[in-house]
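Close look at the chain arrangement
These are the residues of each chain, in order.
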Amino acid sequence: MFGAGGGTSSYEETRAADLIVLWGSNAREAHPIWFHHALKAKNRGAKLIVVDPRRTPSAQWADLWLGLDVGTDIPLANAVAREILEAGFADIEFIGRATSGFEAFRESVQPWTLEEGERVTGVPADAIRELAHSYGSATNAQLCWTLGITEHHNAVDNVFALINLALLTGKVGKWGSGLQPLRGQNNVQGGGDMGAIPNKLPGGQDVADDAARAKFEAAWGASIPPNPGLHLSGMFEAMEHGELRAAYVVGENPAQGEADQARAERLLSGLDHLVVQDIFLTRTAQLADVVLPAAATLGEAEGTVTSSERRVQRVRKAYAAPGEARDDIEIVYELGRRLGHDLGSTKPEDVWNECRSLSPWHAGMTYARLEELGGIQWPCADESDPGALFLHGRLWDDVVEDRAPFQAVEHDPPVDALDDDFPLRLTTGRRLESYNTGVQSGGYSSPLHVGGTDILLSPADGERYGVADGGRVRIVSRRGAVETSARYDPDLRAGLAFMNLHFPDEVATNMLTIDATDPKSGTAEFKATAIRLEPVA
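Residue indices begin from 1 for each chain and proceed along its sequence in written order. For a predicted model such as this one, the threshold for reporting local features is a pLDDT of at least 70, and the threshold for listing and counting side-chain atom pairs is 80 or more; totals across whole chains, interfaces and linings nevertheless cover every residue. As a rule here, side-chain values come from all non-hydrogen atoms in the structure, and water together with hydrogens is ignored.

By definition, any uninterrupted DSSP run of H or I lasting at least four residues is a helix, any uninterrupted run of E lasting at least two residues is a strand, and each is numbered from the N terminus. Check the secondary structure of the protein and you find 21 helices and 21 strands. The C-alpha extent of the protein, read off along each of the three principal axes, is 65 × 65 × 45 Å. Taken over 537 residues, the protein has a buried fraction of 54%. Surface exposure of the protein reaches about 23000 Å², of which carbon and sulfur atoms provide 51%. Seen as two clouds, the 49 positive and the 77 negative side-chain charges of the protein have centres 3 Å apart. The cut-offs for exposure are 20% and 50% of the maximum accessible area for each residue type, with area from a 1.4 Å probe on protein chains only; residues under the lower value are buried, those over the upper are exposed, and the others partly exposed. The Shrake-Rupley method, run with a 1.4 Å probe sphere, supplies the accessible areas, and residue values consider only the shown protein chains as cover. Neither His nor the chain ends contribute to the count of charged residues, in which Lys and Arg are positive and Asp and Glu negative. In plain terms, the charge of a residue is placed at NZ if it is Lys, CZ if Arg, CG if Asp and CD if Glu.

So, on to the nonpolar core. Side chains that are nonpolar tend, in soluble globular proteins, to be buried together. Among the nonpolar cores identified, the biggest contains 53 residues, and Trp23, Leu66, Tyr135, Leu165 and Leu168 are the most heavily contacted of them. Two residues form a contact once any of their heavy atoms are found within 4.5 Å. Ignoring anything within four residues of it in the chain, the contact list for Trp23 reads Val51, Asp73, Leu76, Ala77, Leu131, Leu143, Cys144, Trp145, Thr146, Ile149, Leu162 and Leu165. Take the buried Ala, Val, Leu, Ile, Met, Phe, Trp, Tyr and Cys residues and link them wherever side-chain atoms come within 4.5 Å; each set so joined is a nonpolar core. In this structure, Leu22, Ala41, Leu48 and Leu182 belong to the second largest nonpolar core, which totals 17 residues.

Note on definitions: angles span 0 to 180 degrees between N-to-C directions of axes, and those axes are lines fitted to C-alpha atoms, for helices only across the stretch in contact. Packing of helix 4 (residues 73-87) against helix 8 (residues 125-137) leaves a shortest axis separation of 9 Å and a crossing angle of 60°. Taken together, the axis directions place helix 4 and helix 8 in an arrangement best described as oblique. Both helix 4 and helix 8 take part in a crossing whose hand is right-handed. Taken together, the residues of helix 8 that come into contact with helix 4 (itself represented by Leu76, Ala79, Val80, Glu83, Ile84 and Ala87) are Ile128, Arg129, Leu131, Ala132, His133 and Tyr135. Oblique is the label for any angle not under 35 degrees, not over 145, and not in the 65 to 115 range, which are roughly parallel, roughly antiparallel and roughly perpendicular in turn. The crossing is said to be left-handed when, going from far helix to near helix, the turn is anticlockwise and less than a right angle, and right-handed when the turn is clockwise.

Right, let's get into the sheet that holds strand 10 (residues 273-278). Any two strands are treated as partners once DSSP identifies two or more bridges connecting them. In spatial order, the strands read 9-10-11; together these three strands make up an open sheet with parallel pairing. Of all strands in the sheet, those with a lone pairing partner are strand 9 (246-250) and strand 11 (290-293), marking the two edges. With direction set aside, neighbouring strand axes in the sheet form an average angle of 10°. Two elements, strand 10 and strand 11, share four bridges in a ladder whose sense is parallel. Across the sheet, residue Val275 finds its bridge partner in strand 11, namely Val290. Sitting on the sheet, helix 18 (residues 328-338) touches strand 9, strand 10 and strand 11, and the angle it makes with strand 9 is about 155°.

For this analysis, a ring pair means two rings from Phe, Tyr or Trp (six-membered ring only for Trp) whose centres lie within 6.5 Å, classed as stacked if their planes differ by under 30 degrees, edge-to-face if by over 60, and tilted for the remaining angles. Taken as a whole and assessed by the stated rule, the structure comprises five aromatic pairs. Between Phe102 and Phe406, the ring centres sit 5.5 Å apart and the planes meet at 55°, which makes this aromatic pair tilted. Placement of the pair is Phe102 in helix 6 (residues 102-109) and Phe406 in the loop between strand 15 (404-405) and strand 16 (424-429), with a sequence separation of 304 residues. Considering the side-chain rings of Trp361 and Trp378, the 3.7 Å spacing of their centres and the 5° angle between planes classify their relative orientation as stacked. With Trp361 in the loop between helix 19 (348-358) and helix 20 (367-373) and Trp378 in the loop between strand 14 (376-377) and strand 15, this residue pair connects regions lying 17 residues apart in the sequence. Of the two residues, Trp361 and Trp378, neither departs from the other in class, the shared state being buried. Pairwise contacts between aromatic rings join Phe102, Phe105 and Phe406 into one cluster. Of note, Arg54 hangs over the ring of Phe498, and the distance from its end group to the ring centre comes to 3.6 Å. A ring is scored as having a charge over it whenever the NZ atom of a lysine or the CZ atom of an arginine sits within 6 Å of its centre and within 35 degrees of its normal.

When the parts come together, some accessible area is lost, and that loss is often what is quoted as the size of the interface. Parsing the protein into structural domains produces domain 1 (11-181), domain 2 (188-377) and domain 3 (424-535). The split of the chain into domains comes from an automatic or database domain assignment. The gap between the C-alpha centroids of domain 2 and domain 3 is 31 Å. For the pair domain 2 and domain 3, the two sides together bury roughly 1300 Å², of which 55% comes from carbon and sulfur. Think of a salt bridge as a Lys or Arg side-chain nitrogen and an Asp or Glu carboxyl oxygen that are within 4 Å of each other. Inspection of the domain 2/domain 3 interface yields one salt bridge. One salt bridge in this structure joins Asp515 and Arg263, with 3.2 Å as the shortest N-O distance. Take the accessible area each of two parts loses on contact, using a 1.4 Å probe, and add the two losses: that sum is the buried area.

Counting through the fold element by element, Asp73 comes out in helix 4. Here Asp73 sits buried without a salt bridge, and the closest side chain of opposite charge, Arg493, lies 10 Å off (N-O distance). For the purposes of these results, a polar contact is taken to be a pair of N or O atoms within 3.5 Å, where, inside protein, one atom must be able to donate a hydrogen and its partner to accept one; residues adjacent in sequence count only when each atom of the pair is a side-chain atom. At a separation of 2.9 Å, a polar atom in the side chain of Asp73 contacts the side chain of Trp23.

Have a look at this one:
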């Protein structure tokens, strides 16, 4: 955000918040450690507001739940913004000094009255008003989101809509208030920080920046192209067009984790050469020409990980990896050697020190300091720097050279439209005990897995479509079909169904989902699939 690819706030600030808004996030199940910080705030009197199509376990803890229709986040945010303006909660001084594009933004939200917001989103006008007034009047407010915002074809615009609310009220760049994109898996933040993003080098440095690129070229003894690479969705498009003929997949299971699973498997199977490096023989690994068995991060490897609050922490090796499994660093460096390139020392601390020498974000984070301080939040400029609890304090300087821009964004409904043939909206999400495509959590029996393969329906939809509670049902989308058991969920609104992605060997939910992607981020629209139900006798 505003030039830095990380959340602006810390967990400490979450615990001290007066208001926490969870938007498109079932953190109780998907981010349980972070949710404990939120509960500490709630237990000391903070208000919790949840915006989610489902009344999730997180929403059940909330003081206010806004059950919006899937894909209407922008109309809701714009209606909240308009009410903040009308009620006088906008921080006009901050807007004038630290932001740009305000007039165009203000004009763009004018049509979104409370009544219009209710009509489009399905959220009562009084609830929209309460959210606007609570957020506008709070002293310390944290606005948090996850995949419910980003797994849409207009993901980036959804995020802009939320950032606009923070800029409108001056709730960013200072201790206590900020924006938190909660990361979906361990070390997602760290992967991006290390340059696993098409347009970035380690430390958030732009690949198009000549000076930054020259620094890495000198250290690595290689030329770096100035143009961004492909994101994951772009890679599959390139496979489709025959422009990408080989892939090296590390710690990922796209054969079952990508939207429109049939297409993903077809394209991966059609490659000239597929290499998979993983700790399990995943479905993707089963398609591979070469499988490189890797050590697990937990217990079998040495290094660092980075959390959603930008905190870099040490991980330590406790025991040897089984069989022929090797540390990821050793595998990559050995491949480099066989390709004629010496990548240097494979000692994790040496690799980290190389990163520190090139990334200003991490320059002051020696292993010794990470041990001593229990982790450090970037940016950390030198070995006297304690790190940063929050980002963008510059927005509160008397003169702000680099202003934070408002972004006027418009409603763009889900690509997979509802109609008479496909009248139900399927959304997907996670369960507390399971993880992604089940590679790490689905290989053992557990009473917590019971019901994990079910489709959840409102009782009204079950009765309307002739599907009994516990009965078998065939779920059909425009891309494929799966069969599973149905379970009534009284907390689901009519017209909305829910499934997870954790048990693809039993029920391949991604056979249903659409691969419509956001052109800016490349994320697929997992959250908005049009389906119909066919009872199975």
